[in-house]
There are 2 protein chains.
Amino acid sequence: MRITNQREIILEELRRLRTHPTADELYEVVKRRLPRISIATVYRNLERMSEAGIIHKLENGGRQKRFDGDNRPHSHVFCIRCGRISDVRTVEGASARDLILDSKGFQIIEGGLQFEGVCPSCQDNEKLEAN
Amino acid sequence: MRITNQREIILEELRRLRTHPTADELYEVVKRRLPRISIATVYRNLERMSEAGIIHKLENGGRQKRFDGDNRPHSHVFCIRCGRISDVRTVEGASARDLILDSKGFQIIEGGLQFEGVCPSCQDNEKLEAN
DNA sequence: ATTGGTGCAAATGCTTTGCATAAAG
DNA sequence: CTTTATGCAAAGCATTTGCACCAAT
């Protein structure tokens, strides 16, 4: 994997953001430093780097993918309303890998806890909408 | 929610299949019984029923969504190569909801263990490709 | 010099939607 | 009868890809 300007800046900005941005959100930020960059380059690099384990790709209920520059193992909460993602703390030592009993022949590569809920700002919106 | 023929048969076939089918796989199966059904109807009903908690929508690394007619809480393994999904057994009592310590203000609706790995048939393919 | 990466625009593919018609309650 | 669901085709939208050009090693 060649070290290009684009790749470095994409990684740098993804690590700086703590918001688990979507590809196009990250593209907007990176564009400020590299005005001629293409969204395709952002997608290609996010894909390559997540395959390489440098970053993490997060799924969210069929919405746009989100990316996480923090590749230490940790759990997330997904807002089922707006798609926002937060990190969460869980009990130490309760790794999903240890909890699995029968993997149905699958070679387990990783496991994690995943939560779904409603984020604070969507809870506010729900209250407003109720009136 | 009105009880239509389409809705009943979609649910029936989804419950019968234990393969966590994609919308179009299910469409193919349902079409044998209802030749004039539209894929849009399948999508609409899967969406409605998963909102209502009758069935479950499963995400899989940015691939096509898969659906599960078994709505009892349980964990899945996702094949990172082909997208196949299997149910897995985990230790009793280790619910993700209990493990969470700080939910960052999110109102947790559900939590579960999620694994990624390589399914048996893709492991075979990997062996073949190595030669 | 050679390989791999980029930008652009077009294509892809899953999913959703508008609308006229049909079925359910 | 009134409302909700369906079928069809077209649109939407995030993501991927072909290709000619450029940059890194």
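Everything numeric in this text was worked out from a predicted model, so none of it was measured.

Draft legend 1. Up close: the overall build of chain A. Each helix and strand counted, chain A has 5 helices and 6 strands in total. Counted from the first residue to the last, chain A has its helices and strands arranged as α-α-α-β-β-β-β-α-β-β-α. Taken as a whole, chain A presents about 7700 Å² of accessible surface, with 46% of it coming from carbon and sulfur.

Draft legend 2. How the structure looks around the interface of chain B and chain A. Of the residues lining the interface, 43 residues belong to chain B; the matching set on chain A comes to 43 residues. Of all residues in chain B, the largest losses of buried area upon contact with chain A belong to B:R89, B:L99 and B:F106, amounting jointly to 18% of the total for that side. The interface formed by chain B and chain A contains 0 salt bridges. When contributions to the side of chain B that touches chain A are tallied by element, the ones reaching two or more residues are strand 3 (75-79), strand 4 (85-90), helix 4 (96-99), strand 5 (100-102), strand 6 (107-118) and helix 5 (120-129) of chain B. Looking at the side of chain B that touches chain A, the element that brings in the most residues is strand 6 of chain B, giving 12 residues. Of the residues contributing to the side of chain B that touches chain A, the split by class is 19 nonpolar, 12 polar and 12 charged. Relative to strand 5 of chain B, strand 4 (residues 85-90) of chain A runs antiparallel, the two being bridged by 2 bridges. Bridge pairing in strand 5 of chain B links A:T90 to B:I100.

Draft legend 3. Spatial organisation of the protein's contact with DNA strand C. Around DNA strand C, the structure places 19 residues, and the nearest of them are A:R2, A:T4, A:T41, A:R44 and B:Y43. Within the side chain of A:R36, one N or O atom sits 3.2 Å away from a phosphate oxygen of DNA strand C. In this structure, a phosphate oxygen belonging to DNA strand C sits 3.4 Å away from a side-chain N or O atom of A:N45. For the surface near DNA strand C, the secondary structure elements donating two or more residues are helix 1 (5-16) and helix 3 (39-51) of chain A together with helix 3 (39-51) of chain B. Residue classes in the surface near DNA strand C are distributed as 5 nonpolar, 6 polar and 8 charged.

Draft legend 4. Representation of the relation of the copies chain B and chain A. In the superposition of chain B on chain A (RMSD 0.1 Å, axial shift 0.1 Å), the rotation amounts to 180°. What the rotation and shift describe, once combined, is the action of a two-fold rotation axis. Taking C-alpha positions as the reference, the residue of chain B nearest the rotation axis is B:L113, at 2.3 Å. An overlap of 100% is found between the interface residues of chain B and their copies at the interface of chain A, pointing to a shared contact surface.

Draft legend 5. Inspection of the protein's contact with DNA strand D at higher detail. Not every one of the 20 residues close to DNA strand D is listed here, only the nearest: A:Y43, B:R2, B:Q6, B:T41 and B:R44. Protein-adjacent atoms of DNA strand D, using a 4 Å cutoff, are sugar or phosphate at a proportion of 69%. A distance of 2.7 Å separates a base oxygen of DNA strand D from a polar atom in the side chain of B:R2. Mapped onto the surface near DNA strand D, the elements with two or more residues apiece are helix 3 of chain A together with helix 1 (5-16) and helix 3 of chain B. Broken down by element, the surface near DNA strand D gets its largest block of residues, 5 residues, from helix 3 of chain B.

Draft legend 6. Examining the domain arrangement of chain A more closely. Residue and element names in this part refer to chain A. Under the domain assignment, chain A is made up of domain 1 (1-68) and domain 2 (72-131). On the domain 2 side, the residues contacting the 8 residues of domain 1 number 12 residues. Between domain 1 and domain 2 the total buried area reaches about 760 Å² when both faces are included, carbon and sulfur atoms providing 44% of it. There are 0 salt bridges connecting domain 1 and domain 2. Here domain 1 is connected to domain 2 by 5 residue pairs in polar contact (both at pLDDT 80 or more). Looking at the side of domain 1 that touches domain 2, the elements that each hand over two or more residues are strand 1 (56-58) and strand 2 (66-68). Considering only residue class, the side of domain 1 that touches domain 2 consists of 1 nonpolar, 3 polar and 4 charged.

How each quantity is defined
Residues numbered from 1 in each chain as written. Chains lettered and ligands numbered in written order. Predicted model: local features only at pLDDT ≥ 70, side-chain atom pairs only at ≥ 80, totals over all residues. Heavy atoms only, no water. Helix = DSSP H or I, 4+ residues; strand = E, 2+ residues; numbered from the N terminus. Areas by Shrake-Rupley, 256 points an atom, 1.4 Å probe, with all protein chains shown as cover. Contact = heavy atoms within 4.5 Å. Buried area = accessible area lost by both parts, 1.4 Å probe. Salt bridge = Lys/Arg side-chain N within 4 Å of Asp/Glu carboxyl O. Nonpolar A, V, L, I, M, F, W, Y, C, P; charged D, E, K, R; others polar. Pairing = 2+ DSSP bridges. Near = heavy atom within 4 Å. Polar contact = N/O pair within 3.5 Å; in protein donor to acceptor, adjacent residues only side chain to side chain. Least-squares fit on C-alpha atoms with pLDDT ≥ 70 in both. Domains from an automatic or database assignment.

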